[in-house]
Amino acid sequence: MADSRPQPPHSSSSSGGADEAALLLCGARLTDGRTVDVRLGGGRIEAVGTAGSLAVGTVGARVDLRGYLLLPAPAEPHAHGDTALSADGDGPVSYQPEEVQRRTTEAALLQLGHGATALRSHVRIGDVPGLDRLAAVLRARRSLCGLAELTAVAMPRVLTGVAGADGLALLRDALKMGATVVGGCPDRDPDPTGYVEAVLGLASESGCPVDLHTDADDPARLARLSAMAGGLRPGVTLGPCGGLGRLPAQVAARAADQLAAAGVTVVCLPQGGCGGVDRRGTAPVRLLRSAGVRVAAGSGALRDVSNPVGRGDPLEAAYLLTSRYGLRPEDAYDAVSASARAALGLPEVRVEAGFPAELLAVRGERLAGALSLAYSRVVVHRGRVVARTSAVREYCNSAAVALDLPRQGRAQPS
């Protein structure tokens, strides 16, 4: 059984709730094969040394990570908190603010248990609910403070034509309320190019990043978007771009070159689609990467009407990128960690002194094995353990289990 609820660490003393409390991670294995101790303090990595070489002081805590692989924590670049887990109930989906806040919080904690300490949630605005869903997601963000970092993308329905003025005014209000990213679905607007122009104009005016839903199946439209997005700071992200994979190879390659030249990031959804686009499919990640496009991976829909299943697990996304799309395990994990954090505008994380203490420990010795079968996990956010999942698998007595085989529920000797 696995319990992914946030719990205090199994340590020699309590680290308390302060980010500044010292914490020593003991005996962790790194991807380069070294076994190390890692000391955390003030929300950052203070020191990395050989196992047994570091001290934490009299007020610090120790966490035994023998048998665990220590990694930079993943990030979730494409979530839908307002609709997440809505397929689990009976009857029509409720979008009452209290229910949206509950689902958003529960989904964020689920993904935190998997290791994602930062999440970006796309939220629809407009129509009858107006800004109610966004307000609920922002309340969830406040309740998660200290556990995970949640940011909101405002997604207006229409930004052109007669209704466009109202949509643009609502988008401005969303930014004032606390949304930090301008988004939307230009494919669903009567004038997709006009929609993109409106979004990029407001983003340039407000200094906000852009994160748009598009299937990317129209090469002419994608070329115009790339031309308009070029040079915009702090940057433009597109997803899930599954339509790129359905284009002729030469056309898709030209589109990838245009995206790379414009500095656009693509977020693919290897675990499934989302309600922001009408068709499924994963972007051609190897083609995009070879063209120089930054590719991150997210979870998309999480047990809602557009995808009734889903785990929201970044390691599963990395596993699929390796097993189905041919990426090396290191490149696949980069898509859910370093590239995902970069897409969210977050600082880089390495298991080195001076970097943010955003870490994930998974039971295992090598990255490929961790992506395949990593149940037991310890999640560190701002220098303290915020979630622990412990998995123990047991078998009945037999000659087979008498062998000294590795188990998830037992630390391996370092």
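Each remark here, short or long, concerns the structure printed above.
These numbers come from a predicted model, not from an experiment.

Along its length, the chain carries 11 helices and 17 strands. Relative to all contacts within the chain whose residues are 6 or more apart in sequence, the contacts with residues 24 or more apart total 74%. When the accessible surface of the chain is split by element, carbon and sulfur atoms take 52% of a total near 17,500 Å².

This brings us to the sheet that holds strand β13 (residues 265-268). On the basis of which strands lie adjacent, the open sheet formed by 8 strands has the order β7-β8-β9-β10-β11-β12-β13-β14 and parallel pairing. Only two strands of the sheet have a single partner each, and these edge strands are β7 (76-79) and β14 (295-297). Going across the sheet, the axis of each strand differs from the next one's by a mean of 25°, ignoring polarity. As paired elements, strand β11 (residues 210-214) and strand β12 (residues 236-240) share 5 bridges and run parallel to each other. Opposite Thr 214, over in β12, you have Pro 240 as the bridge partner.

Attention now moves to helix α3 (residues 164-177). The terminal C-alpha atoms of α3, which comprises 14 residues, lie 20 Å apart, in line with the 20 Å expected from a rise of 1.5 Å per residue. Contacts from the buried residues of α3 go to β8 (118-125), α2 (132-143), β9 (149-156), β10 (181-184) and α4 (192-206). The first or second residue beyond α3 is Gly 178, which carries a positive phi of 145°.

Right, let's talk about the nonpolar core for a bit. Ranked by size, the top nonpolar core spans 77 residues in total, and within it Leu 134, Leu 238, Leu 244, Leu 259 and Leu 288 carry the most contacts. Examining the composition of this core, we find that 7 residues originate from one element, α4, more than from any other. Not counting chain neighbours up to four residues away, the residues in contact with Leu 134 comprise Val 123, Ile 125, Ala 152, Ala 174, Met 177 and Ala 179. Among the nonpolar cores identified, the runner-up in size contains 21 residues, and Leu 40, Ile 45, Ala 61 and Leu 359 belong to it.

A few words on the packing of α3 against α4. Two packed helices can be described by the angle between their axes and the distance between those axes. In contact at an axis separation of 11 Å, α3 and α4 are set at 35° when each is read in the N-to-C sense. Crossing hand, α3 versus α4: right-handed. Contacts from Leu 168, Leu 171, Arg 172 and Leu 175 of α3 reach α4 at Ala 198, Leu 202, Glu 205 and Ser 206. Class assignment of the residues belonging to the contact of α3 with α4 gives a composition of 5 nonpolar, 1 polar and 2 charged.

Next up on the list: the packing of aromatic side chains. A full pass over the atoms with the stated rule returns 0 aromatic pairs. A cation over an aromatic ring shows up here: Arg 133 above the ring of Tyr 95, its NZ or CZ 3.8 Å from the ring centre.

Moving on, we come to the environment of Leu 85. Topologically, Leu 85 is positioned in the loop between β7 and α1 (97-114). A residue is classified by how much of its surface remains accessible, and Leu 85, at 5% relative accessible area, is buried. Taking the C-alpha atoms as reference points, Leu 85 and Arg 303, separated by 218 residues in sequence, lie 4.7 Å from one another. Here Leu 85 is in contact with Arg 103, Glu 106, Ala 107, Leu 302 and Arg 303, once residues within four sequence places are set aside.

Assignment of secondary structure puts Asp 82 in the loop between β7 and α1. With relative accessibility at 2%, the residue Asp 82 sits in the buried group. Of note is the side chain of Asp 82, whose polar atom sits 3.3 Å from the side chain of Arg 133. Not counting chain neighbours up to four residues away, the residues in contact with Asp 82 comprise Tyr 95, Val 100, Arg 103, Thr 104, Ser 121, His 122, Val 123, Arg 124, Arg 133 and Val 137.

At the junction of Arg 233 and Pro 234, the peptide bond is cis and its omega measures out at 15° in the coordinates. One can find Pro 234 in the loop between α5 (219-229) and β12. Gly 239 connects to Pro 240 through a cis peptide bond whose omega is -5°. Along the polypeptide, Pro 240 turns up in strand β12. One non-glycine residue, Cys 241, lies in positive phi territory at about 60°. Mapped onto the secondary structure, Cys 241 falls in the loop between β12 and α6 (249-262).

Rules used throughout
- Residues numbered from 1 in each chain as written.
- Predicted model: local features only at pLDDT ≥ 70, side-chain atom pairs only at ≥ 80, totals over all residues.
- Heavy atoms only, no water.
- Helix = DSSP H or I, 4+ residues; strand = E, 2+ residues; numbered from the N terminus.
- Contact = heavy atoms within 4.5 Å.
- Areas by Shrake-Rupley, 256 points an atom, 1.4 Å probe, with all protein chains shown as cover.
- Pairing = 2+ DSSP bridges.
- Axes fitted to C-alpha atoms, helices over the stretch in contact; angles between N-to-C directions.
- Expected span 1.5 Å × (residues − 1).
- Core = buried A, V, L, I, M, F, W, Y, C linked by side-chain atoms within 4.5 Å.
- Buried < 20%, exposed > 50% of the residue type's maximum accessible area, 1.4 Å probe, protein only.
- Left-handed = near helix turned anticlockwise from the far one by under 90°.
- Nonpolar A, V, L, I, M, F, W, Y, C, P; charged D, E, K, R; others polar.
- Phe/Tyr/Trp six-rings, centres within 6.5 Å; stacked < 30°, edge-to-face > 60°.
- Lys NZ or Arg CZ within 6 Å of the ring centre and 35° of its normal.
- Polar contact = N/O pair within 3.5 Å; in protein donor to acceptor, adjacent residues only side chain to side chain.

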